[in-house]
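# Observations on chain architecture
Listed below are the residues making up each chain.
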Amino acid sequence: MSKLRFNISMSLDGYVAGPNQSRDEPLGVGGEDLHDWVVRTRAFKAMSGNPDEGETGLDNDRASVWAQTYGATIMGRNMFGPIRGDWGAEEWKGWWGDNPPYHSPVFVLTHHPHEPIEMEGGTTFHFVTQGPEEALEQARDAAGVRDINIGGGAATAQQYLRAGLVDEMEIHVVPKLLGAGERLFANLDGPPDYLKPVEVLGSPRAAHFRYVRAA
Ligand SMILES: NC(=O)c1ccc[n+]([C@@H]2O[C@H](COP(=O)([O-])OP(=O)(O)OC[C@H]3O[C@@H](n4cnc5c(N)ncnc54)[C@H](OP(=O)(O)O)[C@@H]3O)[C@@H](O)[C@H]2O)c1
């Protein structure tokens, strides 16, 4: 069966986004720094259409795993955009432009129904109002044998961690203190002990902690 996987950058004090997300600051105030290690890699530049640019090395190796194309992605509504409550008249289509980097179906958890949005390059955003298990079922149908990515943010990842559904997780801890924002390891009803650490790698920009589901 396909695996449910999860990659995220986290500050040293445990935040995956700063406070007060806005259109100008999708990762919240100060949150952009969490991705400093990844935006300079060759894997990230390739995703942005510049395959000959960017750094190689350890961080690029980890970014390549993160940036691969999955069979489907699940994300929370705040990862999809800054609009809260009713969708309103604006046609928000995500932060990523006409051709988002997913290239496969994306299932957005929300309490507010929305028609699917078909983008260029194979990405379609589907809006799921029946909760994380239903989103996972739809993602599994769409992905077939390929793995499914939890795209974030914190609230979404927490629900899959809490339900014991994550098969692999990689946390990229950056040496930055955010002080406030969205904590990854909160609301969990205890640590997700079914995930065991199998690898820790480090560069001056990030420590990469990889966990897999215990056999
Ligand atoms: N550091 C990283 O690598 C990384 C990665 C991904 C994202 N992020 C950041 O994380 C932040 C977003 O995280 P977040 O924790 O605020 O939010 P999130 O998980 O992206 O979205 C939460 C929202 O999704 C909807 N939702 C979640 N669970 C639901 C359920 N069971 N049923 C129905 N709707 C549900 C709700 O929206 P409604 O009630 O409004 O519909 C909820 O407020 C962003 O700033 C993003 O940029 C960081």
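Above this text sits the structure in question.
So, here's what we can say about the structure. (Residues numbered from 1 in each chain as written. Predicted model: local features only at pLDDT ≥ 70, side-chain atom pairs only at ≥ 80, totals over all residues. Heavy atoms only, no water.)

## Things to note about the overall build of the protein
To keep things clear, this is the line we draw: Helix numbering and strand numbering both begin at the N terminus, where a helix is a DSSP run of H or I of at least 4 residues and a strand a DSSP run of E of at least 2. Put simply, the radius of gyration uses C-alpha atoms, and a globule should come to 2.2 Å times the residue count raised to 0.38. Think of it in three bands: residues with accessible area under 20% of the maximum for their type are buried, residues over 50% are exposed, and the middle band is partly exposed, with areas taken using a 1.4 Å probe on protein chains only. Any pair of residues with heavy atoms lying within 4.5 Å of one another is described as a contacting pair. The Shrake-Rupley method, run with a 1.4 Å probe, gives the accessible areas here. Residue values count only the displayed protein chains as cover.
Within the protein one finds 6 helices and 11 strands. Since a compact globule built from 215 residues should have a radius of gyration of about 17 Å, the 16 Å found for the protein is in line with a globular shape. Overall, the protein is about 45 × 40 × 35 Å in size when its C-alpha atoms are taken along their principal axes. Taken across its 215 residues, the protein has 43% of its residues classed as buried. A separation of at least 24 residues holds for 65% of the contacts in the protein among residues at least 6 apart in sequence. Entry remark: accessible area of the protein is about 10,600 Å², with carbon and sulfur atoms responsible for 49%.

## Remarks on the site of the ligand
To keep it simple, the criterion reads: Whether a residue is near a molecule or strand is decided by its heavy atoms; if any one of them lies within 4 Å of it, the residue is near. We call two N or O atoms a polar contact when they sit within 3.5 Å, provided that within protein one can donate a hydrogen and the other can accept it, with sequence-adjacent residues counted only if both atoms are side-chain atoms. Note on residue classes: Ala, Val, Leu, Ile, Met, Phe, Trp, Tyr, Cys and Pro are nonpolar, Asp, Glu, Lys and Arg are charged, and everything else, Gly too, is polar.
As a matter of local geometry, the ligand sits amid 27 residues, with Arg77, Thr110, His111, Thr156 and Gln159 nearest to it. A distance of 3.0 Å separates an oxygen atom of the ligand from a polar side-chain atom of His35. The contact in question runs from an oxygen atom of the ligand to an N or O atom on the side chain of Thr156, over 2.7 Å. For the ligand, whose free accessible area comes to 930 Å², the fraction covered by protein is 87%. For the shell around the ligand, the elements supplying multiple residues, two or more each, are strand 1 (4-11), strand 2 (15-17), helix 4 (77-80), strand 7 (148-152) and helix 6 (154-162). Element by element, the count of residues in the shell around the ligand is highest for helix 6, at 4 residues. Each residue belonging to the shell around the ligand can be placed in one class, and the counts come to 12 nonpolar, 13 polar and 2 charged.

## With respect to the packing of aromatic side chains
Here is the rule we go by: Side-chain rings of Phe, Tyr and Trp (the six-membered ring for Trp) are treated as a pair once their centres are within 6.5 Å; stacked means planes under 30 degrees apart, edge-to-face means over 60, and tilted covers the remaining angles. By the criterion adopted, a ring carries a charge over it if an Arg CZ or a Lys NZ lies within 6 Å of its centre and within 35 degrees of its normal.
Applying the stated criterion to the full structure yields 8 aromatic pairs. For the pair Trp92 and Trp95, a centre-to-centre distance of 5.0 Å together with 85° between the ring planes defines the contact as edge-to-face. Assessed through its relative accessible area of 13%, Trp92 is described here as buried. Looking at Trp95, the relative accessible area reads 23%, which means it is partly exposed. Every member of this aromatic cluster is reached through a ring pair, and the members are Phe80, Trp87, Trp96, Tyr102, Phe125 and Phe127. The ring of Trp87 is capped by Arg77, whose NZ or CZ atom sits 3.9 Å from the centre of that ring.

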